[in-house]
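# Notes for the structure review
Below are the chains, spelled out letter by letter.
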Amino acid sequence: MPSQVIVPHRTGPLVDAPAVADGREPAEGQEAGMGVPEAVLAAGGAALLVAVLVAGLPAWLTVVAVACLALGLALPAQAAALRAVRRRRLRRQAKALDRGVPLDVSHASVRRLVTAYGRLRRTTGPGMALDAGHLALVEVATLLGGRPPRDEELDYVVRRAEAVSALADRLADGPVPPVELAGPDSVARIEALLA
């Protein structure tokens, strides 16, 4: 299971979140592009290559000219590639975050909630029960904001995990009768469904 998932805005399956940082960020200044040393190498290599071709200098200097030119252009090319990779990753992250709210699943209580929601999705179709389970996920994801729960938040997460798990267990025995869902939060709605 990935360390983060995206809880969609609408009831449905969870989406694996793209990695936010993979530890391979370029060092400071590595993306600078064309600096003075690179410009001197590239210009010197180009001038030497022209001199070899026009002035008839020894042919072995062509190798030196091409090497200088390649070294002068290598860092700017690498910087451009790194910028392109970073833009693509940021677009993927933004697109995923537009679909829902990030939820860190590194803590056992959050994993329990996600697992219970998965069981709930397998045991029931669209309806009040699945919507209540999804609401529990949204509540937890909104509270946590993409980070693991703190000690004072664990009870909140555990209550929702237990409620969704109980609802999934109940629905494994058969559908629940429709009820009027009173209550603003997911736990109250699930308790109404279980009553």
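Placed above this text is the structure.
As the structure is a prediction and not an experimental result, all values here were calculated from the model.

A word on the pattern of salt bridges. Opposite charge on two side chains permits them to pair, given that their charged atoms come into close proximity. According to the stated counting rule, one finds six salt bridges in the structure shown. The shortest N-O distance in the salt bridge between Arg147 and Glu153 comes to 2.8 Å. Relative accessible area serves as the criterion here: at 22%, Arg147 is assigned to the partly exposed category. Using a relative accessible area of 9% as the deciding quantity, one classes Glu153 as buried.

It is worth spelling out the environment of Arg189 at this point. Along the polypeptide, Arg189 turns up in helix α6 (residues 186-194). Residue class for Arg189 comes out partly exposed when judged on its relative accessible area of 29%. Sequence separation of Arg189 and Ala163 is 26 residues, and the distance between their C-alpha atoms is 9.6 Å.

In terms of nonpolar packing, the biggest core is built from 27 residues, with Leu103, Val110, Leu113, Leu120, Leu137, Val164 and Leu167 touching the most fellow members. Secondary structure elements with two or more residues in this core: β1 (4-8), α3 (108-123), α4 (128-144), α5 (154-172) and α6. It is α4 that provides the largest number of residues to this core, a total of eight residues. Those residues in contact with Leu103 that sit more than four places away from it in its chain are Ser3, Gln4, Val5, Val7, Val110, Val114, Leu137, Val140, Ala141 and Leu144.

Summarising burial for β1: five of the five residues are buried, a large majority. Along β1, one buried face is formed by Gln4, Ile6 and Pro8 and the opposite face, lined by Val5 and Val7, is buried too. Of the pairings in the sheet, the one linking β1 to strand β3 (residues 100-104) comprises five bridges and is antiparallel in character. Bridged to Val7 within β3 is Val101. Of the pairings in the sheet, the one linking β1 to strand β2 (residues 15-16) comprises two bridges and is antiparallel in character. Opposite Ile6, over in β2, you have Val15 as the bridge partner. The antiparallel pairing of β1 with β2 creates a hairpin that spans six residues between the two strands.

On the basis of which strands lie adjacent, the open sheet formed by three strands has the order β2-β1-β3 and antiparallel pairing. The sheet is open, and its two borders are formed by β2 and β3, each paired with just one other strand. On the sheet, α4 packs against β1 and β3 and is oriented at approximately 75° with respect to β3.

What follows deals with the packing of α4 against α5. Their axes nearest at 10 Å, the elements α4 and α5 cross at an angle of 165°. In this view, α4 runs roughly antiparallel relative to α5, as classed from their interaxial angle. As α4 packs across α5, the resulting crossing turns out to be left-handed. Within the contact between the two elements, α4 uses Ala129, Gly133, Ala136, Glu139, Val140, Leu143 and Leu144 and α5 uses Tyr156, Val157, Arg160, Val164, Leu167 and Leu171.

Moving on, we get to a positive patch on the surface. A cluster of like positive charges, contributed by Arg83, Arg87, Arg88, Arg91 and Arg92, occupies part of the molecular surface. Along the chain, Arg87 falls in helix α2 (residues 60-98).

Its 19 residues place the ends of α5 27 Å apart at the C-alpha level, agreeing with the 27 Å of an ideal helix rising 1.5 Å per residue. Among the residues of α5, those classed as buried are Val157, Arg160, Ala161, Ala163, Val164, Ser165, Leu167, Ala168 and Leu171. Positive phi appears at Gly174, one or two residues downstream of α5, with a value of about 145°.

Cut-offs and rules
- Residues numbered from 1 in each chain as written.
- Predicted model: local features only at pLDDT ≥ 70, side-chain atom pairs only at ≥ 80, totals over all residues.
- Heavy atoms only, no water.
- Salt bridge = Lys/Arg side-chain N within 4 Å of Asp/Glu carboxyl O.
- Buried < 20%, exposed > 50% of the residue type's maximum accessible area, 1.4 Å probe, protein only.
- Helix = DSSP H or I, 4+ residues; strand = E, 2+ residues; numbered from the N terminus.
- Core = buried A, V, L, I, M, F, W, Y, C linked by side-chain atoms within 4.5 Å.
- Contact = heavy atoms within 4.5 Å.
- Pairing = 2+ DSSP bridges.
- Axes fitted to C-alpha atoms, helices over the stretch in contact; angles between N-to-C directions.
- Parallel < 35°, antiparallel > 145°, perpendicular 65-115°, else oblique.
- Left-handed = near helix turned anticlockwise from the far one by under 90°.
- Patch = residues over 30% accessible without salt bridge, like charges linked within 9 Å, V, L, I, M, F, W, Y side chains within 5 Å.
- Areas by Shrake-Rupley, 256 points an atom, 1.4 Å probe, with all protein chains shown as cover.
- Lys, Arg positive; Asp, Glu negative; His and termini not counted.
- Charge placed at Lys NZ, Arg CZ, Asp CG, Glu CD.
- Expected span 1.5 Å × (residues − 1).

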